Amino acid sequence: MSIPKKGLFVVGELNVDLIFNQINGFPQLGTEIVANDMVLTLGSSSAILAANAAAIGIPTAFCGAVGHDAYGDLVIRELQAQGVNTDFIRISEEHSTGITVVMNYEQERANVTYCGAMEALRMPDIPWEHIARFKHFHISNFFLQKGIRADITEIFQRVKAAGLTTSLDLQWDVSNRWEFDFRACLPHVDVFLPNEAEMLALAQCDNLEASIEQLAPYTNIMAIKLGQQGSLGIQGGNRFRVKAFELPDYVDSVGAGDSFNAGFLKKFLENAPLETCLKFGNLMGALNTTAAGGTTAFRCGLGIEHQIKRLLPNGC
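Conventions adopted
- Residues numbered from 1 in each chain as written.
- Predicted model: local features only at pLDDT ≥ 70, side-chain atom pairs only at ≥ 80, totals over all residues.
- Heavy atoms only, no water.
- Helix = DSSP H or I, 4+ residues; strand = E, 2+ residues; numbered from the N terminus.
- Expected span 1.5 Å × (residues − 1).
- Buried < 20%, exposed > 50% of the residue type's maximum accessible area, 1.4 Å probe, protein only.
- Salt bridge = Lys/Arg side-chain N within 4 Å of Asp/Glu carboxyl O.
- Lys, Arg positive; Asp, Glu negative; His and termini not counted.
- Contact = heavy atoms within 4.5 Å.
- Pairing = 2+ DSSP bridges.

Novice: Account for helix α9 (residues 256–269), with residues named and values stated.
Specialist: With 14 residues, α9 should cover 20 Å at 1.5 Å per step; its first-to-last C-alpha distance of 20 Å lies within 8% of that length. Summarising burial for α9: 13 of the 14 residues are buried, a large majority. N271 sits one or two residues past α9 and shows a positive phi near 60 degrees.

Pasting the structure below:
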């Protein structure tokens, strides 16, 4: 008797976020400014997605690397508190845990990241002997993970051969080189999850339609995050544009795109229509913005359920 595949397996970077809010001005060399609020919390695109996916009911496991230090302890502790399986996280004795300093300015922010152990993860570190237990495989923040970049197409090929569905969120390329062979890799990705700016940069276009024209022939499903304009889904010749949710209690947008991914994938794994996946993704992204950092808004499961029922009284 075969055991049914279950849950989400995330491969990605791990770091903490040090978030400054209510900042008086922008720092200049040789000067000092003051932030009136600070939060130290679980960061990284991949970890935020994993934590929030687990919080909304997706069995989730994580593969990544942290240092043998206090920040690494915090990352693992926070993931476990959200219900994420951390058995596949490697603790490095050679590298420190990564950290991102986030400076929030209303709807905009400036980040500085120290990568640390996240760059040490390699393709052999993925527990291939366990992959077939899972239903879906996701990678976030491709460009920050130097150890797996050269093998990205082979990774997705192997995962697909094991029978999983797959998704990818490239995130921003801090080097601005955009060295990703989308023609080779994206056919093995079931759901591609960029935002508009990433689409333009990857396709080297100055408008969204031109970038879609370049990338669509190589994709299965594209779910494009458009911020306050909602999201756009493309599958074959079908398009669905879904409006954003406007919530009054905005705090910051750290991790909003990752929470969109978590919401989208929950409905995708339930075999929901694309439009439903987009709508639930938009809702999770909006709920993310009601608390500081990427996971705070999802730390109370009953609260999330109440918000979903309030905003979607008739379901998706």
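Novice: Could you give me a rundown of the pattern of salt bridges, with the residues and numbers involved?
Specialist: Applying the stated criterion to the full structure yields 8 salt bridges. Among the ionic pairs, E78 bridges to R299, the shortest N-O distance being 3.1 Å. You can see E78 sitting in helix α2 (residues 70–81) and its partner R299 sitting in the loop between α10 (274–288) and α11 (301–311), a full 221 residues away along the chain. Among the residues examined, R299 registers a relative accessible area of 42% and is labelled partly exposed. Where D190 meets K160, a salt bridge forms, and the shortest distance between an N and an O atom there is 2.8 Å. With D190 in the loop between α6 (182–185) and β10 (191–192) and K160 in helix α5 (residues 152–161), the pair connects residues that are 30 residues apart, well separated along the chain.

Novice: Please set out the side chain of E198 residue by residue, giving values where relevant.
Specialist: Secondary-structure assignment places E198 in helix α7 (residues 196–203). Within the buried core, E198 has no salt-bridge partner, and the shortest N-O distance to an opposite charge, that of K225, equals 5.4 Å. Those residues in contact with E198, other than ones at most four positions away along the chain, are D169, Q171, W172 and W178.

Novice: Now, about the pairing of strand β4 (residues 60–67): what can you tell me, with residues and values included?
Specialist: Moving residue by residue along a regular strand, the side chains alternate between the two faces of the sheet. Within β4, 8 of the 8 residues are buried, leaving the element largely enclosed by the surrounding structure. The side-chain alternation of β4 yields two buried faces, one formed by T60, F62, G64 and V66 and the other by A61, C63, A65 and G67. When strand β1 (residues 8–11) meets β4, the two strands line up parallel, connected through 4 bridges. Pairing of L8 across the sheet is with T60, part of β4.

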